[in-house]
Protein chains: 2
Amino acid sequence: MRLRNIKNKDNILSKSKYLIKDIYEYKGKYKELFNNNNPIMLEIGMGKGKFIIENAILNKNNNYIGIERADSILAKAIKKIENNDVNNLRLIKCDADDLVNIFSNEIDTIYLNFSDPWPKNRHEKRRLTSKQFLDIYSSIFKDNNKIILKTDNRAFFEYSIVSLNQYGYKISNITFDLHNTDEDYITTEYEDKFANEGKPIYKLECLKM
Amino acid sequence: MRLRNIKNKDNILSKSKYLIKDIYEYKGKYKELFNNNNPIMLEIGMGKGKFIIENAILNKNNNYIGIERADSILAKAIKKIENNDVNNLRLIKCDADDLVNIFSNEIDTIYLNFSDPWPKNRHEKRRLTSKQFLDIYSSIFKDNNKIILKTDNRAFFEYSIVSLNQYGYKISNITFDLHNTDEDYITTEYEDKFANEGKPIYKLECLKM
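Residues numbered from 1 in each chain as written. Chains lettered and ligands numbered in written order. Predicted model: local features only at pLDDT ≥ 70, side-chain atom pairs only at ≥ 80, totals over all residues. Heavy atoms only, no water.

Draft legend 1. Here's a closer look at the overall build of chain A. Looking only at helices and strands, one finds eight helices and seven strands in chain A. Against the compact-globule benchmark of 17 Å for 209 residues, chain A has a radius of gyration of 17 Å, which places it among compact chains. With respect to the principal axes defined by its C-alpha atoms, chain A has extents near 40 × 40 × 40 Å. Out of the 209 residues in chain A, the part that is buried amounts to 49%. A separation threshold of at least 6 residues defines the contact pool for chain A, and within that pool the share at least 24 residues apart is 77%. Carbon together with sulfur atoms contributes 46% to the accessible area of chain A, which is approximately 10,500 Å² in total. The distance from the centre of the 34 positive side-chain charges to the centre of the 30 negative ones in chain A is 5 Å. (Helix = DSSP H or I, 4+ residues; strand = E, 2+ residues; numbered from the N terminus. Rg over C-alpha atoms; globule rule 2.2 N^0.38 Å. Buried < 20%, exposed > 50% of the residue type's maximum accessible area, 1.4 Å probe, protein only. Contact = heavy atoms within 4.5 Å. Areas by Shrake-Rupley, 256 points an atom, 1.4 Å probe, with all protein chains shown as cover. Lys, Arg positive; Asp, Glu negative; His and termini not counted. Charge placed at Lys NZ, Arg CZ, Asp CG, Glu CD.)

Below you can see the structure in the form of structure tokens.
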């Protein structure tokens, strides 16, 4: 069982035209890869890909890149993509702290969806809204730095408000219960699960000029 | 009943040494009124005064001023004060939009406790964290502008985060459930009521240099 899974994963990953194999090849040149000047939207930790695939299908005037580090999850996302034809979407297998080597001043918006909250104080640096990661994002953003964050984790949301704000981001939009607003939203797999359990979904958008 | 109440109120208000009678008399000179250089903390809408009186008793190195516009509520607060001896506390009967005529660059911290949320969009300007009021606060703050806000109203809290942040305030501390943190806090009358009903109390502190 274990072997068959691995064989499948490798096969799916190596064959997919959506997965970028040499992850450092297009640094600073994603415009050329997509062959247009459309904004590039990056989801860090895209999981099984529901959110980014639906976005890519609905918004043809944006390019989307999803990163994820687990082979098995990437394989599941790729299976979903192959059923569609989404030329404005690519996937990269990497860690978030490697982003600085993968992109250079070319990202328009970063999506952080249901990121690991790393609740222990000693793990603060691992949170995707810590100063350490905000520094990384600064090097990959194009002009405006825009982050759109969703989470079900209250402590991570509280932490993120303060961290983003202290870093100079201005919050333009915030809700503590996204699914009870009038806003249109595309959900992630986790989000559907949490919302079905009756958990509120926190969301914010912020911008640093 | 009504007459007796009014008579009482007037009597209580006029006799109290804690109530400032000529509300414009000390503009820019509150340091002289208190006869020290201690920080001046202002509570806008102090209600029956529990929060500010307990603060004044516990923190003798701060001066406290509470404002409130309703005579009957002021009278209740004064009754509470007269049982103690709190030289570092004064009350002023006024509206928040008159603050610009009452103080001049002398306030250290503003407390907004359970302010009216004014939920309708057309009443946005009346919210005590609207740009209109933040402009007023800027003219009465000394150096650092520090606001400490508590509310049970989620929409008002969401609004305040964005408004304060857009105005240039940096949030240094935030919680969506104050009474389930380790923080020490002095409650207001409303807060006790809401917390007893199991409502979460939102709190934030923010600073503008």
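Draft legend 2. Up close: the sheet that holds strand 5 (residues 141–151) of chain B. Residue and element names in this part refer to chain B. Strands sit in the order 3-2-1-4-5-7-6 across an open sheet of seven strands; the sheet is mixed. In this open sheet, the two edge strands, each paired with only one partner strand, are strand 3 (89–93) and strand 6 (170–175). Taking each pair of neighbouring strands and ignoring which way they run, the sheet shows an average axis angle of 20°. Against the sheet, helix 6 (residues 131–140) touches strand 1 (40–44), strand 4 (107–113) and strand 5, its axis set at about 135° to strand 5. (Pairing = 2+ DSSP bridges. Axes fitted to C-alpha atoms, helices over the stretch in contact; angles between N-to-C directions.)

Draft legend 3. Expanded view of the interface of chain B and chain A. Counting residues at the interface gives 18 residues for chain B and 18 residues for chain A. Summed over the shared surface of chain B and chain A, the number is two salt bridges. Where the side of chain B that touches chain A is concerned, the elements lending two or more residues are helix 7 (154–167) and strand 6 of chain B. Per-element accounting of the side of chain B that touches chain A gives the leading share, seven residues, to helix 7 of chain B. (Salt bridge = Lys/Arg side-chain N within 4 Å of Asp/Glu carboxyl O.)

Draft legend 4. Representation of the pairing of strand 4 (residues 107–113) of chain A within the structure. Residue and element names in this part refer to chain A. Taking burial as the measure, the seven residues of strand 4 include six buried ones, the bulk of the element. Where strand 1 (residues 40–44) meets strand 4, three bridges bridge the pair, whose relative direction is parallel. Across the sheet, Met-41 pairs through a bridge with Thr-109, a residue of strand 4. Across six bridges, the pairing between strand 4 and strand 5 (residues 141–151) is parallel. Bridging across to strand 5, Asn-113 finds its partner in Lys-150. In terms of handedness, the path from strand 4 via helix 6 (residues 131–140) over to strand 5 forms a crossover that is right-handed. (Right-handed = clockwise from strand over helix to strand, strands pointing away.)

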